[in-house]
Amino acid sequence: MSAISSGVWDQVLESLRETIDEESYSTWVEPIRFVNYADGELTLRVPSIFFRNWLISNYQDQVEDAVTGFAKRDVSIRYILETEDEFATFGSNGHTPRSDADEVDLRSDGTPHPSILERIPLNPNYTFSNFVVGESNRFAYTAAQAVADPQSRAYNPLFLYGGVGLGKTHLLHAIGQQLMSYGSHLKVLYVSSESFMNAFIEGIQQKDLSHFRNRFRTVDMLLIDDVQFFMGAERTQTEFFHTFNALYNAGKKIAISSDHPPKELRELEERLRSRFEAGLIVDIQPPDLETRVAILRRKAREFDIELSGEIEIYIAERIKSNIRKLEGALTKISAHHSVTGEPISIASVRAILGPLLSAEEPRKISVEKIQLAVCKFFDINLHDLTGQNRSRKFTGPRQIACFLAREMTDLSFPEIARKFGGRDHTSIMHAHRKTEEEISRDLSKQNLVKYLTKLIKDETSPSASK
Ligand code: ADP
Ligand code: MG
């Protein structure tokens, strides 16, 4: 388990001192105060909004890199202002401070309790109405809504899974918020698996699990986030199994999130897996282009910035796999915009987002790359591959190279034909069709094509080209 204490924050500072020049360091880093770290969220206190914007637009990458390095996981950073107290936090997107009323006080007996669980509020921005629905997440959204109906007993448990930054936490919070809106008689508890485990350990240390158990087993709805965190933690899993049963048998509801479906959580106890599988398992896929644009548009409005259609597409085409990154992009653009006052243009967006974009920008695979890889694999030279020699030693590899060129690039048959010695484009079409047919009935051909495809992709990936 990794955690950042203020001691570790000191280490982060040390590493920043090495990468940021002295004067900037004392101006922009020294005034930052460590407040808290929990569940992958680091809270820092800064002197002013201007300071925060400047920090984000100039040093965010360095701070994030250093923090992630020490925490060994993805960490999101929240900034709060010196004038606000610890719980009136707002996101790095500058949302309005959260008021006490939004905090979900889950305590049943009103007594103060030292557990960190007290500190987990539902994020007021994570509601159903703020969730942009597209093909990739529609089913998850609908299922979550059904679960958030207090009358319904459907889909118990609901198991949401998907990659990082695709809205799992958002949907769990939305379920919680929706249920809370029906009245305070419903007890809803949202907890990350990390917190569940920490609370469990705390209970063990204090030799008293009754409070812990009472807390988890008396709710109407338990929302438990990122259960992949339980992998390898046997005792926590056992405890969770009993928590699950207690709630389930009492007719209470449970919603779970994870990065993988139950069957792929390898170190999950079998009996827990079968509990998870007894409900509804829904995945969230990365959003398509239209959904990404819709999300950008919605968030831009929240950030109070205006993006032209061209800029929306420019960003949405480059940041594909993670909605948190889309938000991060907007945070940076809006911070930069408010510091410099410059209008937002493609050029400025490119400059501001540089590293964020190139990380995801697909490398174009060229016909030349494919030809080289095929030549290397069959140990022939380029001249023979693209030439007219009809020896079988060359026609086989040529046919495969033509097929791959068509499959792995956006080029048309005539364009590919030009790169193969200017032959007639129908010969490329023929090679393509023939390979397709061979693949469908010949497993070894299929494997060969798969292998070469992977080889070419790996060689084209950003890390290979360093
Ligand atoms: P996960 O838990 O799957 O890693 P989160 O729920 O934390 O992802 O989502 C990351 C960020 O993206 C959050 O700020 C969330 O509000 C936002 N987000 C994710 N999906 C959507 C969506 N469909 N519409 C609007 N915002 C979204
Ligand atoms: Mg999450």
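This text goes with the structure placed above it.
Residues numbered from 1 in each chain as written. Chains lettered and ligands numbered in written order. Predicted model: local features only at pLDDT ≥ 70, side-chain atom pairs only at ≥ 80, totals over all residues. Heavy atoms only, no water.

Brief notes about the site of ligand 1
Selection criterion: Nearness is judged by heavy atoms alone; a residue qualifies as near a molecule or strand once a single heavy atom is within 4 Å of it. As used in this structure description, the phrase polar contact means that two N or O atoms lie within 3.5 Å; if the pair is within protein, one of them must be able to donate a hydrogen and the other to accept it, and residues adjacent in sequence are counted only when both atoms belong to side chains. All accessibility values rest on the Shrake-Rupley procedure with a 1.4 Å probe; residue burial counts only the protein chains present in the view. A helix here means a DSSP run of H or I that spans at least four residues, while a strand means a run of E at least two residues long, and both kinds are numbered starting from the N terminus. Residues are grouped as follows: nonpolar covers Ala, Val, Leu, Ile, Met, Phe, Trp, Tyr, Cys and Pro; charged covers Asp, Glu, Lys and Arg; every other residue, Gly included, is treated as polar.
Not every one of the 18 residues close to ligand 1 is listed here, only the nearest: Gly165, Thr169, His170, Arg324 and Glu327. In this structure, an oxygen atom belonging to ligand 1 sits 3.3 Å away from a side-chain N or O atom of tyrosine 126. Measuring from an oxygen atom of ligand 1, one finds a side-chain N or O atom of threonine 169 at 2.8 Å. Protein burial of ligand 1: of its 560 Å² of free accessible surface, 95% is covered by the chains. The set of elements that each furnish at least two residues to the shell around ligand 1 consists of helix H5 (168–180), helix H10 (289–303) and helix H12 (323–340). Residues that form the shell around ligand 1 fall into these classes: seven nonpolar, seven polar and four charged.

A look at the environment of asparagine 322
Stated formally: Each residue is assigned to one of three classes by its accessible area relative to the maximum for its type, calculated with a 1.4 Å probe on protein chains only: buried under 20%, partly exposed between the two thresholds, exposed over 50%.
Take asparagine 322: it is sitting in the loop between helix H11 (309–316) and H12. On the basis of relative accessible area, asparagine 322 is assigned to the buried category, the value being 10%. Between the C-alpha atoms of asparagine 322 and glycine 165, which are 157 residues apart in sequence, the distance is 4.8 Å.

Let's talk about the nonpolar core
Selection rule: Remark: nonpolar core denotes a set of buried residues (Ala, Val, Leu, Ile, Met, Phe, Trp, Tyr, Cys) joined through side-chain atoms within 4.5 Å. A contact between two residues is defined here by any heavy atoms of the two lying within 4.5 Å.
Grouped together as the largest cluster of nonpolar side chains are 27 residues, with contacts concentrated most on Ile370, Leu385, Leu404, Phe420, Ile428 and Ile456. Elements with a contribution of two residues or more to this core: helix H14 (367–378), helix H16 (392–408), helix H17 (413–419), helix H18 (425–441) and helix H19 (443–460). Per element, the largest residue contribution to this core is eight residues, and it comes from H16. When sequence neighbours within four positions are dropped, the list of residues in contact with isoleucine 456 reads Ile365, Ile370, Ala373, Leu404 and Met408.

Focus: the sheet that holds strand S3 (residues 76–81)
This is how it is decided: Strand pairing follows a simple DSSP-based rule, namely that at least 2 bridges must link the two strands. Axis lines are fitted to C-alpha atoms, over the contacting stretch for helices. Their N-to-C directions set the angle, which ranges from 0 to 180 degrees.
Pairing is mixed across the open sheet formed by three strands, whose spatial order is S1-S2-S3. Two strands lie at the open edges of the sheet, namely strand S1 (33–38) and S3, each paired on one side alone. Neighbour to neighbour, the strand axes of the sheet diverge by 25 degrees on average, direction disregarded. Alignment of S1 against strand S2 (residues 41–46), held across five bridges, turns out to be antiparallel.

A short note on the sheet that holds strand S7 (residues 253–258)
Pairing is parallel in the open sheet, where five strands are placed in the order S5-S6-S7-S4-S8. Looking at which strands have only one partner, the edges of the open sheet turn out to be strand S5 (188–192) and strand S8 (280–284). Sheet twist, expressed as the average angle between the axes of neighbouring strands with direction ignored, equals 15 degrees. As defined by bridge partners, strand S4 (residues 158–162) adjoins S8 across five bridges and the pair is classed as parallel. Residue pairing in the sheet places leucine 160 in a bridge with valine 282 of S8. On the sheet, helix H6 (residues 193–205) packs against S5 and strand S6 (221–225) and is oriented at approximately 95 degrees with respect to S5.

Side note on unusual backbone geometry
Comment: phi is negative for the bulk of residues other than glycine, and the bulk of peptide bonds are trans. In this structure, proline 157 follows asparagine 156 across a cis peptide bond, with omega equal to -5 degrees. By the element assignment, proline 157 lies in the loop between helix H4 (138–147) and S4. The backbone of lysine 207 shows a phi angle near 55 degrees, a positive value even though the residue is not glycine. Summarising the element assignment, lysine 207 is placed in the loop between H6 and helix H7 (210–217). Not every positive phi belongs to a glycine, and aspartate 379 is a case in point at roughly 55 degrees. Looking at where aspartate 379 falls in the secondary structure, it is placed in the loop between H14 and helix H15 (382–386). Classification of aspartate 379 as exposed rests on a relative accessible area of 65%.

Focus: the environment of leucine 307
With respect to the secondary-structure elements, leucine 307 resides in the loop between H10 and H11. Along the chain, leucine 307 and leucine 330 lie 23 residues apart, while their C-alpha atoms are 9.9 Å from each other. In contact with leucine 307, other than residues within four places in its own chain, are Ala300, Glu312, Ile315, Leu330 and Ile344.

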